[in-house]
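Residue strings, one per chain:
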Amino acid sequence: QALAQTGGAGSAALRALARSMATRRPGPAAGASRPRVRPKASVSMPIPNPGHAEREDGVVALLRQEREKTCELVSAWIVQQKRLYEAQAAQQEQFLQALLDAHRKTLVGLVESPDPATAKGGEAVTACGSGEPLHVAVHFDGPQKHAGLVCQPAGDREELGDCGTAGPSSREGETAAQAEGHDGDPAEPARDEETIDVDAMARCEDVLQWWKRCSGLQTVSKWCQNYRKHPAGWGALLMIHGVPEITARMRSKVENYAIYSALFLSVSIALLVDPPNAVTKECAEDPLSLDFWVCHLRRRAYLYGFAIGIAAHMLSILLAMAFVNALNEAARDSDVYRMFSRGKGFIATVKCQYAFRLGCAADYVAVMVAGSYYIGWEAVVGTLILAAVCMRSFRITSSLLFSNASIVKYWREELGGCPDKDDPYELDVPIAAFKECVKLNEEFKSKKGLALNVTQRATALEGPAQQSKASAAVAAIF
């Protein structure tokens, strides 16, 4: 309608539109259903793409480059952080060292200064007046100490000592008199009842330790210095390694022999009390027959073998116990030296060793005899072969060990050793150290009961002034 109203141009356009719609293909009726068309099955074939592999290689290369770049950045960052940490640690160390140096200078100044007022400068002198110097005073408030600077009036200077502490007044005259001792030697300085001098206890322990090492060495001095005539090297080992090390070695040696002897003892006792039936069966009655004598010899070899083994292993255990018990009762190092020199301690350990070996051999013979009841004389031949092989291997191995490490088998030529040409058996350094210990023992003997007072004698000789200054400085710091 709009086109008709516009005139002829609109009518012509309308007619052209109608013609074009008339020429179109008519569609299906309104009520008819459209036929279903089954889609054809299509098979897709992969088409090779030569550029796909190249793209994958490029991606892998990019990822690899990214990882390498990341590693470089992280490594550079770690190195930078390490340098920063080291620089900061160096600065902290310099700072702490500077604080420590300043603290030391302060303590030295407080101790060496004749007048503590100089530590505070002119302000302290002004506060007390021109004629009244400052002094350090220590106040006790229960278990705590407080130090401060106080003015000393002119009238009280005679009653106060250095650093504001009470001087030797009439009330403390007896204490000052006791400080001299009976022979004029300075005695132990007076201490607060609530104070425990831990340093003095540590010094006493050091003195006791040295006394234990040196006391009584004059009784074995000649024996130790004549080390070339010792039957073994245990005296030299005591001087080289010290008593604690060597006693631990010897205790371990005899205890091992005792433990294994007890193991063999438990088995041999059971076999001796309850022997196999072949051993206890009746022998032939004819004393002129060979079977009679063979049966009795086997039986007695079995019984005597285990009996000797039991006795030898028991002896090894008893010797080990005696050695350890005597070693436990040694009070000083000189007693251990004397145990090896006069008491023949080394021979006791050798007896323990030989007793263990004898017991093992006797038990081995008894077992061999028991085996002969089942396989005849073949047991004897097999036992001898096994014993020869084992002994050969043992001798080769042990000789190599001892000939290159033992103080007797390697170092001492007079006892069969073969040391190197540039390694003679000389103990000049251990002997010199031993002689110094003997000299120190003489000093202990000369001082007798006063040896412990040596630990506090140096402190007493410093004088009450320096002691009070040092104690006041420490109390002020803490």
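Predicted model only: the values in this text are computed from it and were never measured. Here the residue index of a chain counts from 1 through its sequence in written order. Whole-chain, interface and lining totals are the exception, using all residues; otherwise, since this is a predicted model, local features are given only for residues with pLDDT of at least 70 and side-chain atom pairs are given and counted only at 80 or more. As a rule here, side-chain values come from all non-hydrogen atoms in the structure, and water together with hydrogens is ignored.

1. Remarks on the environment of L358
- If you trace the backbone, L358 turns up in helix 13 (residues 345–375).
- Relative accessible area decides the class of each residue, using a 1.4 Å probe on protein chains only: under 20% of the type maximum gives buried, over 50% gives exposed, and in between gives partly exposed. Here L358 falls in the partly exposed class, since its relative accessible area comes to 48%.
- Measuring from C-alpha to C-alpha, the distance between L358 and S316 comes to 9.7 Å, with 42 residues separating the pair along the chain. The secondary structure listing takes helices from DSSP runs of H or I that are at least 4 residues long and strands from runs of E that are at least 2 residues long, numbered from the N terminus.

2. Considerations on the confidence of the model for the protein
- Per-residue confidence for the protein averages 75 on the pLDDT scale, and 65% of its residues sit at or above 70.
- Under a pLDDT of 50 for its full length, residues 39–45 has, in the predicted model, zero contacts with residues more than four places off or in other chains.
- This model gives residues 473–478 a pLDDT under 50, and the stretch forms seven contacts once residues within four places in sequence are excluded. For every residue, the predictor states its confidence as a pLDDT score lying anywhere from 0 to 100. The criterion used for residue contact is that any of the two residues' heavy atoms lie within 4.5 Å.

3. Description of the packing of helix 9 (residues 243–273) against helix 12 (residues 333–341)
- Interaxial distance between helix 9 and helix 12 falls to 10 Å at its minimum, and their mutual angle equals 45 degrees. Regarding the angle of helix 9 to helix 12, the classification is oblique. For the pair helix 9 and helix 12, the sense of crossing is left-handed. Across the interface between the two elements, V243, T247 and M250 from helix 9 touch D333, V336, Y337 and F340 from helix 12. Here an angle of 0 to 180 degrees is reported between the N-to-C directions of two axes, which are lines fitted to C-alpha atoms, with helices fitted over the stretch in contact. Orientation labels follow simple angle bins: below 35 degrees gives roughly parallel, above 145 gives roughly antiparallel, 65 to 115 gives roughly perpendicular, and whatever is left gives oblique. The hand of a helix crossing depends on one turn: near helix anticlockwise from the far one by less than a right angle means left-handed, and clockwise means right-handed.

4. Quick look at the pattern of salt bridges
- The working definition used for a salt bridge is a side-chain nitrogen of Lys or Arg within 4 Å of a carboxyl oxygen of Asp or Glu. The final tally for this structure, using the stated rule, is four salt bridges.
- As a salt-bridge pair, D335 and R332 come within 3.2 Å of each other at their nearest N and O atoms.
- Overall, the relative accessible area of 18% leaves D335 in the buried class.
- R332 sits in the partly exposed class, given a relative accessible area of 23%.
- For R412, the salt bridge is made with E414, and the minimal N-O distance between the two is 2.9 Å.
- Residue R412 is classed as buried on the basis of its relative accessible area, which comes to 0%.
- Since its relative accessible area comes to 44%, E414 is described here as partly exposed.
- Through salt bridges with shared partners, a single ionic network connects R332, D335 and R338.

5. With respect to the packing of aromatic side chains
- The aromatic pairing rule takes the rings of Phe, Tyr and Trp, using the six-membered ring of Trp, and pairs them if the centres are within 6.5 Å, calling planes under 30 degrees apart stacked, those over 60 edge-to-face and the rest tilted. Under the defined criterion, the tally for this structure stands at nine aromatic pairs.
- Here Y257 and F356 contribute two aromatic rings whose centre-to-centre distance is 5.5 Å and whose plane-to-plane angle is 55 degrees, an arrangement assigned as tilted. Highlighted residues: Y257 in helix 9 and F356 in helix 13, separated in sequence by 99 residues.
- Exposure remark for F356: the relative accessible area of 14% places this residue in the buried category.
- When the ring of F323 is compared with that of F340, the centres are 6.3 Å apart and the planes differ by 80 degrees; the resulting orientation is edge-to-face.

6. Notes on the state of the cysteines
- Disulfide: a pair of cysteine sulfur atoms within 2.5 Å of each other. Taken as a whole and judged by the stated rule, the model has one disulfide.
- Between the sulfur of C283 and that of C295 lies a disulfide, 1.8 Å long from S to S. As the torsion about the S-S bond is roughly -65 degrees, the C283-C295 disulfide counts as left-handed. Of this pair, C283 sits in the loop between helix 10 (277–280) and helix 11 (290–328) while C295 sits in helix 11, and the two are twelve residues apart along the sequence. When sorted by exposure, C283 lands in the same class as C295, which is buried.

7. With respect to unusual backbone geometry
- The backbone of K344 shows a phi angle near 55 degrees, a positive value even though the residue is not glycine.
- As for its placement among the helices and strands, K344 is situated in the loop between helix 12 and helix 13.
- With a relative accessible area of 46%, K344 lands in the partly exposed category.

8. Some remarks on helix 6 (residues 198–214)
- Given a helix with a known number of residues, its expected span is that number minus one, times 1.5 Å. For helix 6, with 17 residues, the first-to-last C-alpha span of 25 Å sits near the 24 Å given by 1.5 Å per residue.
- Of all the residues in helix 6, the buried ones are A200, V207 and C214. Summarising the axial view, the buried residues of helix 6 lie within an arc of 55 degrees, below the 170-degree limit, and thus occupy one face. Within helix 6, the exposed residues directed more than 90 degrees away from the buried face are V198, E205 and L208.
- One or two steps after helix 6, the chain reaches G216, where phi turns positive at roughly 80 degrees. In this context, the arc is that of the directions from the helix axis out to the C-beta atoms.

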